[in-house]
Amino acid sequence: MLHGFDISAYDSATAPAIDFVIVKATEGRSYTSSKFAAQWRSAKGRARHRGAYHFARPEDSSAASQAARFLSVVKPVPGESLWLDLEASDLGQAGTNAWAKAWGDYIRRHARGLTSGIYMGSGYASNGTGRGVARHYDLWWYPQYPSSARTSTWPRTFAPWLPDKLTCGWKEPDIWQFTDDFDGLDADITRLTIDRLAGGGHAPPPQEEMPQGGRERPGNRTPTLRNPEPGDRTRGGYGVSREERGRSGPSRPAW
C-alpha cells in the first residue's frame, strides 16, 4: 500500500517525504491557505504524487465559482489530483448533493486529464448528501478512525469501517484517512499504485514497442458521528474546517 499525508496551514511549510501528499489550497469563496504555495512547491520534490484540496462552503457561493478559484490558485498539471473536502454545509442534503456534483463536473470540464476526488465521511456517503456522486468524481477519500490515540504505525490492511448502506455509488473508498494524529499529521493509505492514483484509479494503457526499442509514455489519463459540531446541518461532517477547529480543539469523531 501507498502511505500519504494531507496537510494544511497548521502543518509545516515543508511537505513530508512520502508516497503522496494532498495539500489544502482554498476554502469557500475567498480563503487561500497561507502555506499552500510553499507546501505545494515542496511536495513536488518530496512526494511521488501530489494533490490539492478545496474545503467546500456550499452556502458561500456557487460550485463553479469556488472550483474556478481553486484551479486558479493550484494551476494543476496532468498527473496531479484535485479534491473536494466535503465536511460542512448549510444547504441541506439535496442542495449540498447538487452543489458537490456541480463542483466535480466543473473540474472534469476544466481540468481534463487530472484525477478528481471527494473527501466524504460515512454520514454523507450513506444519505442524500452523497447520493450518486461517484458519477461525478474519479475517487473517494474516506475518513474513519479506529482509534483517537496518537500513532506512528501504518495499518497493514486496508479495512475501514463502512456503513451498511452506501448511497454514493462506490462500494468502498480508494483512500482511507485512518488517523488525524500520526505524530501530529493526518495520515492516509491506499491500495492504488502511483500510476492509478494519477490516472483516476484506472490502470494505465499498455505500453507499445516503438521502432528503436523505445516505449511510448502512458497517457495521463464509521461508526455514527459522535459530537457533531455546530453548523453541520446535514449531519455528515464536522461543521468547521481544520483551521477553525485547531489542533487543541476536540478530537475528530470516527465517522
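Located above this text is the structure these notes cover.
Here is what the cut-offs are and how they apply
Residues numbered from 1 in each chain as written. Predicted model: local features only at pLDDT ≥ 70, side-chain atom pairs only at ≥ 80, totals over all residues. Heavy atoms only, no water. Buried < 20%, exposed > 50% of the residue type's maximum accessible area, 1.4 Å probe, protein only. Helix = DSSP H or I, 4+ residues; strand = E, 2+ residues; numbered from the N terminus. Contact = heavy atoms within 4.5 Å. Core = buried A, V, L, I, M, F, W, Y, C linked by side-chain atoms within 4.5 Å. Pairing = 2+ DSSP bridges. Polar contact = N/O pair within 3.5 Å; in protein donor to acceptor, adjacent residues only side chain to side chain. Phe/Tyr/Trp six-rings, centres within 6.5 Å; stacked < 30°, edge-to-face > 60°. Lys NZ or Arg CZ within 6 Å of the ring centre and 35° of its normal.

S.K.: Describe helix 1 (residues 36–46), and please don't skip the residues or the numbers.
M.R.: Those residues of helix 1 that fall on the buried side of the exposure criterion are Phe 36, Gln 39, Trp 40, Ser 42 and Ala 43. Tucked inside the fold, the buried residues of helix 1 contact strand 1 (2–7), strand 2 (18–27), strand 4 (47–55) and helix 2 (63–74).

S.K.: Please set out the nonpolar core residue by residue, giving values where relevant.
M.R.: Phe 70, Trp 103, Met 120 and Trp 170 are the most contacted members of the largest nonpolar core, which totals 47 residues. Listed in part, the 13 residues of the second largest apolar core include Ile 22, Tyr 53, Trp 83 and Leu 192.

S.K.: Before we move on, could you go through the pairing of strand 9 (residues 185–190) and cite the residues and values that matter?
M.R.: Most of strand 9 is tucked away, with 6 of its 6 residues classed as buried. Here 5 bridges tie strand 1 to strand 9, and the two strands are oriented antiparallel to one another. If you follow Leu 2 over to strand 9, its bridge partner there is Thr 190. Here strand 8 (residues 175–182) pairs with strand 9 via 5 bridges, running antiparallel. Pairing of Trp 176 across the sheet is with Ile 189, part of strand 9. In this structure, the hairpin formed by strand 8 and strand 9 is closed by a connection of 2 residues, where Asp 183 is found at a positive phi of approximately 55°.

S.K.: How would you explain the pairing of strand 2 if you had to name every residue and give the values?
M.R.: With 10 of its 10 residues buried, strand 2 lies for the most part within the structure. With 4 bridges connecting them, strand 1 and strand 2 associate as parallel partners. Of the residues in strand 2, the one forming a bridge with Ile 7 is Val 23. The pairing of strand 2 with strand 4 spans 8 bridges and is classified as parallel. In the sheet register, Ile 22 faces strand 4, and the bridge partner there is Gly 51. Sheet topology note: the strand 2/strand 3 (residues 31–32) ladder contains 2 bridges and is antiparallel. Within strand 3, the position partnered with Glu 27 by the bridge is Tyr 31.

S.K.: How would you explain the environment of Asp 181 if you had to name every residue and give the values?
M.R.: Within the secondary structure layout, Asp 181 lies in strand 8. Residue Asp 181 is classed as buried on the basis of its relative accessible area of 18%. When the C-alpha positions of Asp 181 and Ser 152 are compared, they lie 8.4 Å apart, and in sequence the two are 29 residues distant. Excluding anything up to four places from it in sequence, Asp 181 contacts Ala 149, Arg 150 and Thr 151. Here the side chain of Asp 181 touches Arg 150 through a polar contact of 2.9 Å, side chain to side chain.

S.K.: Which residues make up the packing of aromatic side chains, and what values go with them?
M.R.: On inspection of all chains with the given rule, the structure shows 15 aromatic pairs. Relative to Phe 178, the ring of Trp 176 lies with its centre 6.1 Å away and its plane at 65°, an arrangement referred to as edge-to-face. Taken as a pair, Trp 176 and Phe 178 share a single burial class, namely buried. Considering the side-chain rings of Phe 178 and Phe 182, the 6.3 Å spacing of their centres and the 90° angle between planes classify their relative orientation as edge-to-face. On the basis of relative accessible area, Phe 178 is assigned to the buried category, the value being 6%. It is Arg 50 that lies over the ring of Trp 40; its NZ or CZ is 3.9 Å from the centre.

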